[in-house]
Amino acid sequence: MKKVFCLMLLLIITIFSFGNNSRTYSEQENQKLRIGYVESERLDNFSRNLSGILANFIDLGLIISNYKADLNEVDTLKIWNDICNNYSSDKIELVKDMYFNVKEMRDSEYSKMVNRDDVDLIIVMGTVAGKYFFENETKNKFMVFACADPVSAGIIKSEAERYKDNCFAHLDRTRYERQIIASHNILKFKKIGVVYQDTAEAFSYSAIDKLRKLSNELNFEIVERHVVESQNENDYNRYYKDLKQAYKELVEEGIDSLYITTATIENDKLLGLLEPDVYANNIPTIAQFSEEQVKYGALMGFVINDAMEQGYFAATQIKAYLEGTPFNELEQVNDDTPKMSLNYDIAKCINLKIPFSTLLIIDKIYADKTNS
């Protein structure tokens, strides 16, 4: 009789445990959703997206705060500390100490970011950090944003399929295809140059697979060079020297456009890198990642990542999770509205005539490279 009782008790515990694990967050937890933040490196796109998410937390009533989103603030640690010190909420807790910048850490420190007891959900910015969490986070949920292509990076299977139930990644299905096609429509390039770091992560976030695919469809040639990105603050001189040499070689090979991909180039150094060979030979440039690059020296850019739009998308998914949607059923797809920007001073510098009809559809024109 004692054995029968023990077996029945074990069965009840097993059934209860199974049911508890299958519950949604709102059913399972009686505490606030604890949220942390991790980024691959310092990029203005990451800071704008973080500001957009936090601003929409306020707009959707997830937190109460007088925080004002400043999309020009590039220091994510400052943004994170400002909001953590200035909010109240009965729904979520922003874990102030759960902030990490992967590039500023030693490899031996990476484990501090994952499988923690003081957090439930991590907002992750960028491909490198997203890949690390995909490979190492088993305890907590994480949401990857500002990743060029989470499918080719191996973070998710597709827009609706996950490899892991605790993983979410925002997906814009044709982000860089739209950007490249729009650039080609205006510049009609036949031989485009591109410089990127020769790693799987850089191949993904630089959208090289998209560029190669469209080269066949649009009939243009790609000339590639590989440069190791700056590894730390003391490595920029080497990086910029290598980058200038790569640009020089591309020009010598006869490129008629340059695709400036996601990298560790400091925005205020961009013009100085492009002037000696690229602009001296009247070669137009296309910024892949950020409108800030257009402000500081790229000819044009097609921003497919609006910070407030993506911030609203991210915040609504987190709100849906709090209200009972299972994490692995959250919507991952959000095709951002593209915006075109042009540096008119660069266009004049390289003697490029922009049709008036094109100028009319440009969202942002920088007419003085020293001012926005």
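Positions within a chain are numbered from 1, following the residues in the order the chain's sequence is written. Reporting of local features is limited, given that this is a predicted model, to residues whose pLDDT is at least 70; pairs of side-chain atoms are given and counted only at 80 or more, and all residues count toward the totals for whole chains, interfaces and linings. Just so you know, side-chain values use all the structure's heavy atoms and leave hydrogens and water out.

A.B. asks: Just to check I follow, could you spell out the pattern of salt bridges for this structure?
C.D. replies: Salt bridges, as used here, are contacts in which a Lys or Arg side-chain nitrogen is within 4 Å of a carboxyl oxygen on Asp or Glu. Using the criterion set out here, one finds 22 salt bridges in the structure. Residues Asp242 and Arg238 are paired through a salt bridge, measuring 3.0 Å at the closest nitrogen-oxygen approach. In this pair, Asp242 and Arg238 are both assigned in helix α9 (residues 236-252), four residues apart and thus about one turn of the helix distant. The cut-offs for exposure are 20% and 50% of the maximum accessible area for each residue type, with area from a 1.4 Å probe on protein chains only; residues under the lower value are buried, those over the upper are exposed, and the others partly exposed. By relative accessible area, which is 27% here, Arg238 ends up partly exposed. A single salt-bridge network, built from bridges that share partners, covers Arg42, Asp75 and Glu104. Under the scheme used here, helices are H or I runs from DSSP no shorter than 4 residues and strands are E runs no shorter than 2 residues, and both carry numbers assigned from the N terminus.

A.B. asks: Would you mind going over the sheet that holds strand β5 (residues 167-169) with me for this structure?
C.D. replies: Remark on secondary structure: sheet strands pair via backbone hydrogen bonds, oriented parallel or antiparallel. Here five strands make up an open sheet; going across it, the order is β2-β1-β3-β4-β5 and the pairing parallel. Only two strands of the sheet have a single partner each, and these edge strands are β2 (92-101) and β5. In this sheet, adjacent strand axes meet at a mean angle of 20 degrees when their direction is disregarded. A pair of strands is considered paired only if DSSP assigns at least 2 bridges between the two. Where strand β3 (residues 121-125) meets strand β4 (residues 141-145), five bridges bridge the pair, whose relative direction is parallel. The partner of Ile122 across the bridge, within β4, is Phe142. By the convention used here, residues are in contact when the closest approach between their heavy atoms is within 4.5 Å. Simply put, an axis is a line fit to the C-alpha atoms, just over the touching stretch for a helix, and the angle between two N-to-C directions goes from 0 to 180 degrees. Sitting on the sheet, helix α3 (residues 44-59) is in contact with β1 (33-39), β2, β3 and β4, with an inclination near 145 degrees to β3. In the packing of helix α5 (residues 127-136) onto the sheet, the strands contacted are β1, β2, β3, β4 and β5, and the crossing angle to β3 comes to about 145 degrees.

A.B. asks: Can you walk me through the nonpolar core in this structure?
C.D. replies: The tendency in soluble globular proteins is for nonpolar side chains to be buried as a group. Among buried residues, those of type Ala, Val, Leu, Ile, Met, Phe, Trp, Tyr and Cys that are joined through side-chain atoms within 4.5 Å constitute a nonpolar core. Counting 91 residues, the largest nonpolar core has Phe57, Tyr247 and Ile265 as the members making the most contacts within it. With eight residues, α9 is the single largest residue contributor to this core. Residues within four places of Tyr247 in sequence aside, it is in contact with Val195, Leu258, Ile265, Leu273, Leu274 and Val278. In terms of nonpolar packing, the next biggest core, distinct from the first, is built from 26 residues, Ala129, Val144, Cys147 and Ile155 among them.

A.B. asks: Even after reading the chapter, I still don't get the packing of helix α6 (residues 175-187) against helix α8 (residues 208-218), so can you show me in this structure?
C.D. replies: Each pair of packed helices can be summarised by the angle the axes make with each other and by the distance between the axes. Running from N to C, α6 and α8 cross one another at 45 degrees; their axes reach a closest spacing of 10 Å. Looking at the two axes, α6 sits oblique to α8. Between α6 and α8 lies a crossing of right-handed hand. Across the interface between the two elements, Tyr176, Glu177, Ile180, Ile181 and His184 from α6 touch Lys210, Leu211, Lys213, Leu214 and Leu218 from α8. Angle categories are assigned with fixed cut-offs, so that under 35 degrees is roughly parallel, over 145 is roughly antiparallel, 65 to 115 is roughly perpendicular, and the rest are oblique. Crossings are assigned a handedness: left-handed for a near helix turned anticlockwise from the far helix by less than a right angle, right-handed for a clockwise turn.

A.B. asks: Hey, could you run me through the packing of aromatic side chains in this one?
C.D. replies: How two aromatic rings sit relative to each other is set out by the distance from centre to centre and by the angle between their planes. Pairing of aromatic rings covers Phe, Tyr and Trp, the last counted by its six-membered ring, and requires centre-to-centre distances within 6.5 Å; plane angles under 30 degrees mean stacked, over 60 mean edge-to-face, and any other angle means tilted. Taken as a whole and assessed by the stated rule, the structure comprises 13 aromatic pairs. A ring pair is formed by Phe134 and Tyr163, whose centres lie 5.7 Å apart and whose planes are at 65 degrees; its orientation type is edge-to-face. Taken together, the residues span a long stretch of sequence, with Phe134 in helix α5 and Tyr163 in the loop between β4 and β5 at a distance of 29 residues. On the basis of relative accessible area, Phe134 is assigned to the buried category, the value being 16%. Accessibility expressed as a relative area gives 46% for Tyr163, which makes it partly exposed.

A.B. asks: Help me understand the confidence of the model for the chain in this model?
C.D. replies: Caution is warranted with low-pLDDT regions, since their predicted coordinates should not be read in detail. Per residue, pLDDT measures the predictor's confidence, with a range of 0 to 100. Per-residue confidence for the chain gives a mean pLDDT of 87, with 89% of residues at or over 70. Residue range residues 9-23 is modelled with pLDDT below 50. Its contacts to residues more than four positions away, or to other chains, number four contacts.

A.B. asks: Just to check I follow, could you spell out a nonpolar patch on the surface for this structure?
C.D. replies: Nonpolar side chains (Val, Leu, Ile, Met, Phe, Trp, Tyr) are joined into patches within 5 Å and like charges within 9 Å, using only residues with over 30% relative accessible area and no salt bridge. All accessible-area figures derive from a Shrake-Rupley calculation using a 1.4 Å probe, and residue coverage is judged against the displayed protein chains alone. A cluster of nonpolar side chains, contributed by Phe356, Leu360 and Ile361, occupies part of the molecular surface with about 380 Å² of accessible area. Relative to the assigned elements, Leu360 resides in the loop between α14 (356-359) and β12 (364-366).

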